[in-house]
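# Examination of the molecular architecture
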Amino acid sequence: MSSEANNEMWVVFKRLMTYVIPMKSMFIFAVLGLLTYGLVDAAFIAFVKPFIDEGFGQSASNVAGVDLPTHTGFSANNDIMMMAPFVVIVMFTIRGFANFVSTYCVSYISAKLIMDMRQEVFEHYLRLPVSYIDRENSGNLISRVTFDTEQIARASGSALISIVRDTITVVGMLAIMFYYSWKLSLCILVIGPIMGVVISVVSKRFRKVSKQIQSAMGGVTATTEQMIKGHKNVLAFGGQETEMKRFFDVNDRNRYQNMKLAVAQSISQPLIMVIGSFALAFVLYAASWDSMAQELTAGTFAAILGAMLAMLQPIKNLTRVNAEFQRGIAACTTVFELLDTQPEEDKGSFHAERVEGKLTFNQVTFSYPEQETAALKGIDFNVEPGKTVALVGRSGSGKSTIASLITRFYGGLSEGDISIDGTSIYDYQLKSLRNQVALVSQQVTLFNDTIANNIAYAYPGEVTREQIIEAAMLAHAMEFIDELPDGLDTEVGENGVLLSGGQRQRIAIARAMLRNAPILILDEATSALDTESEKAIQQGLDNLRQNRTSIVIAHRLSTIESADEILVVEQGEIMERGTHSELLERNGMYANLYQMQFGE
């Protein structure tokens, strides 16, 4: 299990490094800066021996048990001690410059990495099927773009600095110790594996807790987003206490997971230090042996002791950064799992500039993913170019599913086929297919931008102001736009919060007008309109439907009386079909629905 986890971590790390390859020059400079920094630290400790043994020659000779002529030691004193300040200044200047270069380069790599990864995750969301987004918690989806990518960047930056710089420092110090006295340094070989075991055990714990922190963070994001979206309802129903408690629960869970990580971290660092202290204690003890005293000079002993003390902080840093690194690896795993999710299938190769608009459903049966019951059963109808077919029925009967299948929002059919102009919609290139369809749905999505930009949203090619005004006039939207202080340049707020439901709906209709697609889907397009607004734009909708194949889903039967054919859908099946007058005469389901609405 341990080797599997390590193997998985290595695979994730190698994949993460592919994001760094385009910045290899920055990476090389960062590594060179960190290497220089670590080597200067090691060199400084290495110079301790000659400083002491030659700079204080008299003292050194006493330790070694050898009498040297006094004048020789004095001469060495002057030379070494005069040179020492310059050596220190030069070394620390080089160290400071190396620190600047490495810090700047690592910061650049981290910032670019987070930008690239966020962009990739965001773009992948745009390619994912609707069914995936339907299933996922929106808070988790947002957390992938914000929190998880931040963790990866922080981990990669901290890890790179610590792994390269501190590893070089530790290796340099070990080299100095073994060079000056391999006997005294042997204790490190015993202590090293014990430290390795501690770090390995703690790493697994860090990675496990980090995944739980990500999940908890997704809960915090989701709960906050839910409250903000439903703020009006929360206030209306006096749900403040409920929301406070809900948020407290997810917030406390996040705190608890972070504390688990902090406990693991706070135990591991002192434990490593205690283990390290045994090595230090052994060196101090061994130095008192007569056999060792014969081999040691004051400079040698000071250098070894200094090297051991200088190793403790880098080892502590490596233990600390291990927590950051494991958090990054856990976040990487989650993000890469998302990026490996299959995007929408687009195997079609057929491209059409503009179709005529003959739409055919041929014995279509369809089930949503992970649902056993079929949402549609044997749906069969034709819509000739320029004609209008209306779908009516109770909520949940399958009307919106029929509309969603036309634009391939959901996967393949269980049986049957849907075709446009005799070509299966699954043979069309996805972009080409969706360019043929304009959708006005019950849930209008407006972006935090001007009215003009919302109407012209994703319009292919250049759009003129005149075209926008014409579309808005046809949708009877200019009636309220002209009254706004900035007219078409009025900002609508997030999701059009500054506009009424009817106004938002009319902007959506204007957007469809401008799109000028040959196939039109109106999914409860007049549901948010009051009677006066509905009458005002009904003519606009009639204009919009001219020379277009239209699928109209409606609860208000008054809006579809002029349809060429009306289909009554019940539990995923077409129960009745005909014109408005034919269905009234039949006195069936449609007549009952009509009677309930109009009481006639």
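Residues numbered from 1 in each chain as written. Predicted model: local features only at pLDDT ≥ 70, side-chain atom pairs only at ≥ 80, totals over all residues. Heavy atoms only, no water.

Per an unreviewed UniProt entry, the protein chain is named Lipid A export permease/ATP-binding protein MsbA, and its organism is Shewanella maritima. Per UniProt, the comment on the protein chain under Subcellular location (unreviewed entry) is "Cell membrane". (UniProt positions renumbered as here; feature names shortened; annotations may be inferred.)

### Re the overall build of the protein chain
When helices and strands are tallied, the protein chain shows 22 helices and 10 strands. Burial statistics for the protein chain: of 600 residues in total, 46% are counted as buried. Counting contacts in the protein chain only where the partners sit at least 6 residues apart, residues at least 24 apart contribute 78% of the total. Accessible surface for the protein chain amounts to roughly 30800 Å². Of this, 58% is attributable to carbon and sulfur atoms. (Helix = DSSP H or I, 4+ residues; strand = E, 2+ residues; numbered from the N terminus. Buried < 20%, exposed > 50% of the residue type's maximum accessible area, 1.4 Å probe, protein only. Contact = heavy atoms within 4.5 Å. Areas by Shrake-Rupley, 256 points an atom, 1.4 Å probe, with all protein chains shown as cover.)

### As for the sheet that holds strand S10 (residues 573-578)
On the basis of which strands lie adjacent, the open sheet formed by 6 strands has the order S6-S7-S8-S3-S9-S10 and mixed pairing. This sheet does not close on itself; its edge strands, each paired only once, are strand S6 (437-440) and S10. Ignoring which end each strand starts from, the neighbouring axes of this sheet average 20 degrees apart. Taken together, the 4 bridges between S6 and strand S7 (residues 519-523) define a ladder with parallel strand orientation. Across the sheet, the residue bridging to Val437 is Ile519, located in S7. Each of strand S3 (388-392), S6, S7, strand S8 (549-553) and strand S9 (565-570) is contacted by helix H14 (residues 399-406), which is oriented at about 150 degrees to S8, the strand it contacts most. Across the sheet, helix H22 (residues 589-598) is in contact with S3, S9 and S10; its angle to S9 comes to roughly 90 degrees. (Pairing = 2+ DSSP bridges. Axes fitted to C-alpha atoms, helices over the stretch in contact; angles between N-to-C directions.)

### Overview of the UniProt feature "transmembrane region" (unreviewed entry) in the protein chain
Taken from the UniProt record, the annotation "transmembrane region" (unreviewed entry) applies to residues 83-109, 186-203, 261-286 and 292-312. Helix makes up 100% of residues 83-109 and strand makes up 0%, while its end C-alpha atoms are separated by 39 Å.

### A word on helix H17 (residues 465-474)
For H17, the complete set of buried residues consists of Ile468, Ala471 and Ala472. Seen along its axis, H17 keeps its buried residues to an arc of 100 degrees; they face one direction. Of the residues in H17, the exposed ones pointing more than 90 degrees away from the buried face are Glu466 and Met473. Elements that come into contact with the buried residues of H17 comprise helix H16 (451-455), helix H18 (478-481) and helix H19 (501-515). Downstream of H17 by one or two residues, His476 has phi in the positive range, about 55 degrees. (Arc of directions from axis to C-beta.)

### What to know about the pairing of S10
Pairing of S9 with S10 involves 5 bridges; the strand directions are antiparallel. Counted as the bridge partner of Ile566 is Gly578 from S10. Here S9 hands over to S10 after 2 residues, with Gln571 in that stretch at a positive phi of 50 degrees.

### Quick look at the sheet that holds strand S4 (residues 415-420)
The strand order across the open sheet built from 4 strands is S2-S1-S4-S5, with neighbouring strands paired in antiparallel fashion. In this open sheet, the two strands that pair with only one neighbour each are strand S2 (376-383) and strand S5 (423-424). Against the sheet, H14 touches strand S1 (359-366), S2 and S4, its axis set at about 115 degrees to S1.

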